[in-house]
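# A closer look at the structure
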Amino acid sequence: MKRSLLGLSALGICLVGLPLSVKALEINEKLSIEANLTGVYQWLEKDQGGFRNEEKGSVVLDAKVSFKPTEVDEFSARVSFAKGNGLNKVFEKKGIFKLRPNADDLRDDLHNINNRSRDHLLELWYARTFSLPGNSTLKSTLGILDGTAFIDQNRFANDELTQFMNEAFVNNPLANIVSYDYGVAFEFGKGPFGITLLGMTSKTEEHDDPRFNKKNYNYYSAQISYKFESPLGEGNYRVYGFITNKRFPDWNDAKKKALKGFGVSIDQDLIKDKLGLFARVGFQDDDAKVDYKSMYSAGLTYKFCLFGKKDFTLGAGYAFLKAPSKNDELKQTKVFETYFSIPIYEKEKLFTSHLTFDWQWMKDKFRGEDKKDHAGHIFGVRLNLGF
């Protein structure tokens, strides 16, 4: 614990005063810039299993430029640079947990993105909004897209920089959403109803068999959403489905299979602007070799004032993920996470700084009696600076 505190102190010295929420700096009516510097330090304390305690940190700089030449046209570019891989790489190499404790894009994620010869560039797209009869709109977006901006959104559990950090709460892992690759999206809106269509192309991960190694595949998803206003406040209800073409190995590495499934994402105010509820449910077919077949998550966030300052936030969430019966190793995963966000400094709603304390408990349960279940506590702190 002493080493952990020393590491935390070092991070604090480097990033003290650093944000959670980022505001856009408007250069003029048409051009705006956003930047966000995020420092994270996490340490793992073993509860059960054959692994050792670990501690790692990371620093990430994100920058986004938006240009709106007209009211209906928009160009956008986003880049990211990172130092360190945090605990994510440790978990991957040593097989400690399946899920990442920090869902942010870290050093290795930003090189050869999606097995393409492209580093640091996350998004580069053009969007145009069309006005349709009946007070409806259609927005089309084309370019290098982040699929999570269109599918499985959630007001209370969707941003690893301002909310939960574990990937189980940022997006549904079973949705297999493609990020930072070529695609097109159409968003139709009429009053409280919305329909989104997303098509993207990407590459499979490394595999021993050349039939599956780094092969191009297509991802298609459709989502229906409804925004509900009540005395409690705002509520958003989304249902989506997805499918890919047959590019993924089955459990015997013998045939090519498609990924397909569906999910639900809900966020609902219980006390307007104070207490919010989120919930997700996801299922996917297990013909292809996948880590999980079903996922359920839910949680609460609470905003309050303290010492005359607004936007103190408490969040807590629980997720349960079940592996397919075809998986002879992993049986299920449980995740609990809670965070406490403290606003430090804000100037004219342009510069913001927050400090967040985070605690996660994770458990991977295995089928074989010869392998001990893995369980542990991940303590973390996150500091941000943004404009």
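A brief report on the enclosed structure follows. Predicted model, so just to flag it, every value in this text is computed and none were measured.

### Quick notes on the side chain of Ser-80
Residue position: Ser-80 is located in strand β4 (residues 73–83). For Ser-80, a relative accessible area of 1% translates into the label buried. A distance of 2.8 Å separates polar atoms of two side chains, one belonging to Ser-80 and the other to Asp-62. If we ignore the near neighbours within four places in the chain, the residues touching Ser-80 are Val-60, Leu-61, Asp-62, Leu-110, His-120 and Leu-122.

### Thoughts on a nonpolar patch on the surface
A grouping of Phe-130, Leu-132, Phe-186, Phe-188, Ile-195, Leu-197 and Ile-224 is seen on the molecular surface, where their side chains present a nonpolar patch of about 600 Å² in accessible area. Topologically, Ile-224 is positioned in strand β9 (residues 216–230). Classification of Ile-224 by relative accessible area gives exposed; the value is 53%.

### Considering the pairing of strand β15 (residues 294–306)
Inspection of the sheet shows strand β14 (residues 275–284) paired to β15 by nine bridges, in the antiparallel sense. The partner of Phe-278 across the bridge, within β15, is Gly-299. Strand direction decides the pairing type here: β15 and strand β16 (residues 309–322), joined by 12 bridges, are antiparallel. Bridging across to β16, Lys-303 finds its partner in Thr-313. Linking β15 back to β16 in an antiparallel pair, the connection comprises two residues, with Phe-307 at a positive phi of about 55°.

### Section: helix α2 (residues 86–94)
Inspection of α2 places Gly-86, Leu-87, Asn-88, Val-90 and Phe-91 among the buried residues, and these make up the whole buried set. Contacts made by the buried residues of α2 are with β2 (31–48), β3 (54–67), β18 (351–366) and β19 (374–386). Two residues or fewer past α2, Gly-95 is found with a positive phi of approximately 60°.

### Looking at the nonpolar core
Leu-44 and Phe-91 are the most contacted members of the largest nonpolar core, which has 26 residues in total. Counting residues per element, the ones that place at least two in this core are α2, α3 (167–170), β16, β17 (330–347) and β18. With near-sequence residues (within four places) excluded, Phe-91 lies in contact with Leu-44, Ile-96, Phe-97, Leu-99, Pro-101, Met-362 and Ile-378.

### Section: the pattern of salt bridges
Counted under the stated rule, the structure contains 21 salt bridges. Linking Lys-365 and Asp-373 is a salt bridge whose minimum nitrogen-to-oxygen distance equals 3.5 Å. Taking relative accessible area as the criterion, Lys-365 reaches 28% and is therefore assigned partly exposed. One network of salt bridges, in which partners are shared, links Arg-155, Glu-234, Arg-238, Asp-267 and Asp-269.

### So, the environment of Gly-134
Among the structural elements, Gly-134 can be located in the loop between β5 (121–132) and β6 (136–146). On the basis of relative accessibility, which here comes to 42%, the residue Gly-134 falls in the partly exposed class. Along the primary structure Gly-134 and Gly-191 are separated by 57 residues, whereas in three dimensions their C-alpha atoms are 9.7 Å apart.

Cut-off values and rules
For every chain, the first residue of the written sequence is number 1, and numbering continues from 1 along that sequence. Only residues with pLDDT of at least 70 get local features here, since the model is predicted, and only at 80 or more are side-chain atom pairs given and counted; chain-wide, interface and lining totals rely on the full set of residues. Hydrogens and waters are ignored; side-chain quantities use all the structure's heavy atoms. Put simply, DSSP H or I for four residues or longer makes a helix, DSSP E for two residues or longer makes a strand, and each gets a number counted from the N terminus. Relative accessibility decides the category of a residue: with a 1.4 Å probe and only protein chains considered, values under 20% of the type maximum give buried, values over 50% give exposed, and everything between is partly exposed. Whenever two N or O atoms come within 3.5 Å, that pair is a polar contact, provided that in protein one can donate a hydrogen and the other can accept it, and provided that, for residues adjacent in sequence, both atoms are side-chain atoms. Residues are treated as being in contact if the distance between any of their heavy atoms lies within 4.5 Å. Patches here are clusters of residues that have more than 30% relative accessible area and form no salt bridge, with a 9 Å joining cutoff for like charges and a 5 Å cutoff for nonpolar side chains (Val, Leu, Ile, Met, Phe, Trp, Tyr). Areas reported as accessible are Shrake-Rupley estimates using a 1.4 Å probe. Residue values count occlusion only from the protein chains shown. Definition used for salt bridges: Asp or Glu carboxyl oxygen within 4 Å of a side-chain nitrogen of Lys or Arg. Each pair of strands is called paired provided DSSP finds at least two bridges between the two strands. Definition used in this section: a nonpolar core is a set of buried Ala, Val, Leu, Ile, Met, Phe, Trp, Tyr and Cys residues joined via side-chain atoms within 4.5 Å.

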